[in-house]
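# Fold and geometry: a report
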Amino acid sequence: MGCSKWRAAFNFGHLKVQSKLSVFFTMILLFTYLFYCLNGYCDSLPRPVYNQQTDPHNKITFNDEQDKSSPERRGAHNASPASVVREQLSDLSRSDAPSNNISIDNTFGSKKFPQAIIIGVKKGGTRALLEFLRIHPDVRAVGAEPHFFDRFYDKGLEWYRNLMPRTLEGQITMEKTPSYFITKEAPRRVYTMSRHTKLIVVVRDPVTRAVSDYTQTLSKSPGLPSFQNLAFRNATTGLIDTSWSAVRIGIYAKHLENWLRYFPLSSFLFVSGERLVTDPAGEMGRVQDFLGLKRVVTDKHFYFNQTKGFPCLKKPEGSSRPRCLGKSKGRLHPQIPSGVLLRLRDFYRPFNLKFYQMTSHDFGWD
Ligand SMILES: Nc1ncnc2c1ncn2[C@@H]1O[C@H](COP(=O)(O)OS(=O)(=O)O)[C@@H](OP(=O)(O)O)[C@H]1O
């Protein structure tokens, strides 16, 4: 009898100790979770990489030309190494794509508004510049074009910030959307986000740029009228049609005037699209200086690919293989009658000279 009393007392005590222990462990778990959340990691618990992207398929096939949909749909994202690899693959030569399916999630840092934006110009060489910059360890960039300041401004700044990759202290957040340069409202909107935003404009001879623009449209609409049909309002008098976007975009002085109403000239860096091809390392040196970065991207990162006819990367971020930009970059242009090109060159000359004066930089197009 005495013995069974002891056994009952012992069992009861044992149960008490067990329940105390479980309360203790639950509390520890709760505190650990709270601590984790307070440090901002709750939203970045490891998840499968594809769950973080709304449409991984769109991301894989993304290139600058198909960029007509919302970046949400395209899956603009935090720049986890895996997604960086996927984005680069989409814009870099497919034949060089590595076959391994890396799945690493970047959960560190925080999402910030871009401190620097490549705002233009369309067909200037903006993709090349962004991919070259992404080799730099202190640059994190959205691969897709967010089009926030022109198409999706009504989604709000928080939506925009959420598209950005996570950055650590000392790293720069970047994006590129070439249409910002010609968007009337963009300067005011960017200024509202931050008047300290650094603005990069890749400019290219407006005549070649117009032909490049036309080539892109032609590739999507083979029935397109001829270049000269679209460029002239009146072929006999040689009156240029400035309402055609391929022509209008090249009037750089006019678009820059709009930006200078909000930003001082010191906020801009004008990159020569031509030099980005002939001397990528030299041009990258200027860009890194402007961004206050160490000159990490140098001539040892580039090689000239004879087949492509363009500089390519020896080792892009997330890959150990050399890589060129995709097929839509560096396309063969159709033959345009020289008289048409000369007339267009005459048309741009005064605007070019004005642009050289405004930027104190002779780009040598005339
Ligand atoms: N390294 C390298 N590789 C391939 N292409 C290069 C490179 N550097 C500059 N370019 C030139 O970039 C032109 C495309 O410009 P963008 O990237 O600004 O085009 S887009 O506006 O984003 O569609 C593209 O225009 P096209 O030659 O007309 O295709 C190229 O001339």
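Cut-offs and rules
- Residues numbered from 1 in each chain as written.
- Predicted model: local features only at pLDDT ≥ 70, side-chain atom pairs only at ≥ 80, totals over all residues.
- Heavy atoms only, no water.
- Disulfide = S-S within 2.5 Å.
- Helix = DSSP H or I, 4+ residues; strand = E, 2+ residues; numbered from the N terminus.
- Buried < 20%, exposed > 50% of the residue type's maximum accessible area, 1.4 Å probe, protein only.
- Contact = heavy atoms within 4.5 Å.
- UniProt positions renumbered as here; feature names shortened; annotations may be inferred.
- Near = heavy atom within 4 Å.
- Polar contact = N/O pair within 3.5 Å; in protein donor to acceptor, adjacent residues only side chain to side chain.
- Areas by Shrake-Rupley, 256 points an atom, 1.4 Å probe, with all protein chains shown as cover.
- Nonpolar A, V, L, I, M, F, W, Y, C, P; charged D, E, K, R; others polar.
- Salt bridge = Lys/Arg side-chain N within 4 Å of Asp/Glu carboxyl O.
- Pairing = 2+ DSSP bridges.
- Axes fitted to C-alpha atoms, helices over the stretch in contact; angles between N-to-C directions.

Turning our eyes to something else, we now look at the state of the cysteines. Considering all chains together, one arrives at 1 disulfide under this definition. The disulfide bridge from Cys312 ends at Cys324, spanning 2.0 Å between sulfur atoms. Residues Cys312 and Cys324 are joined by a disulfide whose S-S torsion is about 100°; by sign, that bridge is right-handed. Placement of the pair is Cys312 in strand β11 (residues 310-313) and Cys324 in the loop between β11 and α14 (338-359), with a sequence separation of 12 residues. Both residues of the pair, Cys312 and Cys324, belong to the buried class.

Another point: helix α13 (residues 280-290). Counting buried residues in α13 gives 8 out of 11 residues, a clear majority hidden from the surface. Every buried residue of α13 is listed here: Pro280, Ala281, Glu283, Met284, Gly285, Val287, Gln288 and Phe290. Its buried side turned inward, α13 meets α5 (126-133), β6 (198-203), β9 (268-272), α12 (273-278), β10 (302-305) and β11. Among the residues trailing α13, Gly292 stands out with phi positive, at a value near 70°.

Moving on to the UniProt feature "binding site: 3'-phosphoadenylyl sulfate" (unreviewed entry) in the protein chain. On the UniProt side, "binding site: 3'-phosphoadenylyl sulfate" (unreviewed entry) is annotated at positions that read Lys123, Gly124, Gly125, Thr126, Arg127, Arg204, Ser212, Lys329, Gly330, Arg331, Leu332 and His333 here. Of note, Gly330 is situated in the loop between β11 and α14. Judged by relative accessible area, Gly330 falls into the partly exposed class, the value being 42%. Positionally, Arg331 belongs in the loop between β11 and α14. Classification of Arg331 by relative accessible area gives partly exposed; the value is 24%.

Taken together, 25 residues form the shell around the ligand, and within it Thr126, Lys176, Ser212, Gly330 and His333 come nearest. Between an oxygen atom of the ligand and a side-chain N or O atom of Arg204, the distance comes to 3.2 Å. For the ligand, the accessible surface in isolation is 640 Å², of which the surrounding protein chains cover 97%. Listed by contribution, the elements that provide at least two residues to the shell around the ligand are α5, α8 (206-220) and β11. Top contributing element to the shell around the ligand by residue count: α5, with 4 residues. Of the residues contributing to the shell around the ligand, the split by class is 8 nonpolar, 8 polar and 9 charged.

The residue Arg166 is located in strand β4 (residues 166-167) in this model. Judged by relative accessible area, Arg166 falls into the buried class, the value being 9%. Within the structure, Arg166 has its side chain in polar contact with the backbone oxygen of Gly109 (distance 3.2 Å).

Quick look at the environment of Gly285 now. Within the element layout of this structure, Gly285 appears in helix α13. Placed 12 residues apart in sequence, Gly285 and Val297 show a C-alpha to C-alpha distance of 7.4 Å.

So, on to the pattern of salt bridges. All told, the structure shown has 15 salt bridges when counted by the stated rule. Between Lys176 and Glu145 there is a salt bridge, and its shortest N-O distance comes to 2.8 Å. Residue Lys176 is found in strand β5 (residues 172-176), and its partner Glu145 is found in the loop between β3 (139-141) and α6 (157-163); the two are separated by 31 residues along the sequence. You'll find Lys176 and Glu145 in the same group, each marked buried. With its nearest N and O atoms 2.8 Å apart, the salt bridge here joins Glu257 to Lys354.

Strand order across the open sheet formed by 5 strands is β3-β5-β2-β6-β9, with parallel pairing between neighbours. Each end of this open sheet is capped by a strand with a single partner; those strands are β3 and β9. On average, adjacent strands in this sheet sit at an angle of 25° to one another, irrespective of strand direction. Note that strand β2 (residues 116-120) and β5 share 3 bridges and pair parallel. The residue bridging Ile118 from the neighbouring strand is Lys176, located in β5. In this fold α13 packs onto β6 and β9, with an angle of close to 170° to the strand it touches most, β9.

With respect to the element layout, Gln115 can be found in the loop between β1 (110-111) and β2. On the basis of relative accessibility, which here comes to 31%, the residue Gln115 falls in the partly exposed class. Put simply, Gln115 and Arg195 are 80 residues apart on the chain and 9.8 Å apart in space, counted from C-alpha to C-alpha. Contacts of Gln115, omitting those with residues within four sequence positions, involve Gln171, Ile172, Thr173, His196, Thr197 and Lys198. At 2.8 Å, the side chain of Gln115 forms a polar contact with the backbone nitrogen of Thr173.

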